[in-house]
Amino acid sequence: MRSLYRRQLTMMVSIMLLSFTLLAGAFMLLSYRYIIGETRDSVERNAGYVSSFTSTYYRRYLTLDLQDEFYSSYVASIAMISNSHIIVAGPDGKILYATADGQFYDYKDSVLPENVTAQVLNEGSFNGMTNMGGLYPEKRYLSALPVTNQIGPVTVTQGMVLVAADASNLSEMWTATATIFFFSAVVVFLISVIASTLTSAYQTRPLNEMAEAARKFGQGEFDVRVTGYEERGDEVSALAEAFNSMANSLEKVESQRADFIANVSHELKTPMTTIAGFAEGILDGTIPPEREKEYLQIVVSETRRLSRLVRRMLDLSRLNALAESTVTAQETFDLTEVMSQVLISLETKITDRQLDVDVQMPEDKLMVWGDPDAITQVCYNLLDNAAKFAAPGTAITVQITKKDGKAHTVIRNLGATIPPDELPLLFERFHKADYSRSMDREGVGLGLYIVKTILGNLKENITVTSEDGVTQFHFTLTLA
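In this text, all values refer to a predicted model and were calculated from it rather than measured experimentally. (Residues numbered from 1 in each chain as written. Predicted model: local features only at pLDDT ≥ 70, side-chain atom pairs only at ≥ 80, totals over all residues. Heavy atoms only, no water.)

Enquirer: With reference to specific residues and values, describe the overall build of the protein.
Expert: Scanning the protein from terminus to terminus reveals 11 helices and 13 strands. When burial is assessed residue by residue, the protein has 39% of its 480 residues classed as buried. Of the contacts made within the protein by residues no fewer than 6 positions apart, 65% connect residues no fewer than 24 positions apart. Element-wise, carbon and sulfur atoms account for 56% of the exposed surface of the protein, whose accessible area totals about 27600 Å². (Helix = DSSP H or I, 4+ residues; strand = E, 2+ residues; numbered from the N terminus. Buried < 20%, exposed > 50% of the residue type's maximum accessible area, 1.4 Å probe, protein only. Contact = heavy atoms within 4.5 Å. Areas by Shrake-Rupley, 256 points an atom, 1.4 Å probe, with all protein chains shown as cover.)

What follows is the structure, given as structure tokens:
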């Protein structure tokens, strides 16, 4: 498997090589053209000066006196100033005069190459790199122009002038420039590789740590966290924060799962132990016959408790399935009618506990959005819970009002005050407050958790307060 570091480094190196290759090619081409162009312009300009001067000399003296000090001094000065060789030849290409750096060179009986002579006579000029057919040991940049004069209506070519510049200086200059460029390119390339290596390592290190942490999660180590990247303030920091948040959630889920299994085991073990003990006592005669009915009633009670636990577990499984699919039935129904039906179903229990009910609901229908069956279970669980823990002889208050597009339902009872540290735990699975354990021997600790789950699936809220013996549950539903 190719690592992200290796891929990023390979991509960066490839881009750098391609960029430097294109830049080097363009630089070499432009610099060479510029240097050659400067030399060409200089040589052509000097060739033009000598050609013009020679043409004027021909017109004045009708012949070219190479021994003339004035002419030779002029040509020698041009050659010395331009650091080039100047050759004056006849129209047949035979060299008549040559000078360089102020010195005369004897090319007696030497003739210009035919291609140079032909191009000057036919095209009017010659420009290019040449060693003049062996006259020079190395190639020089040569510019040649004809020496012409107008004799009547006829233009006569009386000779030609050639200016040759040493190209070795051009090559040395270009080589030096190219060397500097390539040295700079190599330094920049190495710096870029080092910077990319450090940057890649800086970016991939937290990813490797997260991968290792994820592998540890798979092995059940949920306490692993990715730390040290909080101050970066970039995407990696955000990823590390999200990863740790996920780790916290996984740890919490795992803890809840373990607690859930422990609670279910405990809730099942107690009634099953009771049932098995009393049944064995009846069968082996430990329990006298006159008390068998009493203990059989306990067995029936524990069996019903098991049945309620299983039913609650099935309800919980169904609610969790709805939460995972994020699909909850939504229809309009009358909340006051649902609450009235629940009150009627709990009338016997409320009466047996000598409780009054203070109902404060609108006389007209109050239509809300939701799942009527689920909201019926919410109301039943909350009212049953209020009746269970209300002090005998007190009243249960049921209040429904409308505000800000919501139906607000309050169920209040008077009884024992729930400690503040217990309030956040009331909606957790299998949680039963210490004060209620002696009062609620039939409950399994899932009623309020189911209420919270149902309202959560409907995107609604529920809160609880308990002060001075008054415990109040408040939940909302959206008005239709």
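There's plenty left to go through after this.
Enquirer: Explain the nonpolar core to me, using residue names and the numbers behind them.
Expert: In terms of nonpolar packing, the biggest core is built from 42 residues, with Leu335, Leu382 and Leu383 touching the most fellow members. Of all the secondary structure elements, the ones that give two or more residues to this core are helix H7 (335-345), helix H9 (372-389), strand S10 (395-403), strand S11 (406-414), helix H11 (447-457), strand S12 (462-467) and strand S13 (470-478). Looking at this core element by element, the count peaks at eight residues for H9. By size, the runner-up hydrophobic cluster in this structure holds 20 residues, among which are Tyr57, Ala79, Ile86 and Ala165. (Core = buried A, V, L, I, M, F, W, Y, C linked by side-chain atoms within 4.5 Å.)

Enquirer: How would you explain the sheet that holds S13 if you had to name every residue and give the values?
Expert: Reading across from one edge, S8-S10-S11-S13-S12 is the order of the five strands in this open sheet, with mixed pairing throughout. At either margin of the open sheet sits one strand with a lone partner, and together these are strand S8 (356-360) and S12. Strand after strand, the sheet turns through a mean of 15° between neighbouring axes, direction not considered. Bridge count for S12 against S13 is six bridges, and the pairing is antiparallel. (Pairing = 2+ DSSP bridges. Axes fitted to C-alpha atoms, helices over the stretch in contact; angles between N-to-C directions.)

Enquirer: Describe in detail the pairing of strand S5 (residues 140-151), supporting the description with residues and values.
Expert: Consecutive side chains along a regular strand alternate between the two faces of the sheet. Looking at chain direction, strand S4 (residues 126-130) and S5 are connected through five bridges and run antiparallel. Opposite Thr130, over in S5, you have Arg140 as the bridge partner. Judged from the 12 bridges that link them, S5 and strand S6 (residues 154-166) form a sheet pairing that is antiparallel. Following the sheet pairing, Ala144 is matched in S6 by Leu162. Following S5, the chain reverses through two residues before pairing antiparallel with S6; Gly152 in that reversal takes a positive phi of roughly 65°.

Enquirer: Talk me through the pattern of salt bridges; I want residue IDs and the actual numbers.
Expert: In this structure the tally under the stated criterion is six salt bridges. Note that Glu294 is salt-bridged to Arg291, the shortest N-O span being 3.3 Å. Close ionic contact of Lys388 with Asp384 constitutes a salt bridge, the shortest N to O distance being 3.6 Å. Here the residue Lys388 and the residue Asp384 both occupy positions in helix H9, the gap between them amounting to four residues, near one helical turn. Accessibility expressed as a relative area gives 11% for Asp384, which makes it buried. (Salt bridge = Lys/Arg side-chain N within 4 Å of Asp/Glu carboxyl O.)

Enquirer: Give a detailed account of the side chain of Ser466, specifying residues and quantitative values.
Expert: Here Ser466 lies in strand S12. For Ser466, a relative accessible area of 9% translates into the label buried. A distance of 2.8 Å separates the side chain of Ser466 from the backbone nitrogen of Ile418, its partner in a polar contact. There is a polar contact of 3.1 Å between the side chain of Ser466 and the side chain of Thr471. (Polar contact = N/O pair within 3.5 Å; in protein donor to acceptor, adjacent residues only side chain to side chain.)

Enquirer: Before we move on, could you go through the packing of H7 against H9 and cite the residues and values that matter?
Expert: In the contact formed by H7 and H9, the axes pass within 9 Å of each other and the chain directions differ by 45°. By the angle class used here, H7 and H9 are oblique. Crossing hand, H7 versus H9: right-handed. Residue-level contacts link Leu335, Val338, Met339, Val342, Leu343 and Ser345 of H7 to Ile375, Thr376, Cys379, Tyr380 and Leu383 of H9. Residues of the contact of H7 with H9, tallied by class, amount to nine nonpolar, two polar and no charged. (Parallel < 35°, antiparallel > 145°, perpendicular 65-115°, else oblique. Left-handed = near helix turned anticlockwise from the far one by under 90°. Nonpolar A, V, L, I, M, F, W, Y, C, P; charged D, E, K, R; others polar.)

Enquirer: I'd love a proper account of a nonpolar patch on the surface, names of residues and values included.
Expert: On the surface, Phe183, Val187 and Ile191 cluster together into a nonpolar patch covering about 310 Å² of accessible area. For Ile191, the position within the fold is in helix H4 (residues 168-218). (Patch = residues over 30% accessible without salt bridge, like charges linked within 9 Å, V, L, I, M, F, W, Y side chains within 5 Å.)

Enquirer: Explain the packing of aromatic side chains residue by residue, including any values.
Expert: Each aromatic ring pair is characterised by the separation of its centres together with the angle its planes make. The full count for this structure, using the stated rule, is eight aromatic pairs. Arranged with centres 6.3 Å apart and planes meeting at 65°, the rings of Tyr71 and Tyr97 form a pair that is edge-to-face. With Tyr71 in helix H2 (residues 69-82) and Tyr97 in strand S2 (residues 95-100), this residue pair connects regions lying 26 residues apart in the sequence. Per residue, the accessibility class of Tyr71 equals that of Tyr97, and both read buried. (Phe/Tyr/Trp six-rings, centres within 6.5 Å; stacked < 30°, edge-to-face > 60°.)

Enquirer: Which residues make up H2, and what values do they have?
Expert: For H2, with 14 residues, the first-to-last C-alpha span of 20 Å sits near the 20 Å given by 1.5 Å per residue. Capping of H2 at its N-terminal end is provided by Asp68; its side-chain oxygen lies 2.9 Å from the backbone amide nitrogen of Phe70. Positive backbone phi, approximately 55°, marks Asn83, located one or two places after H2. (Expected span 1.5 Å × (residues − 1).)

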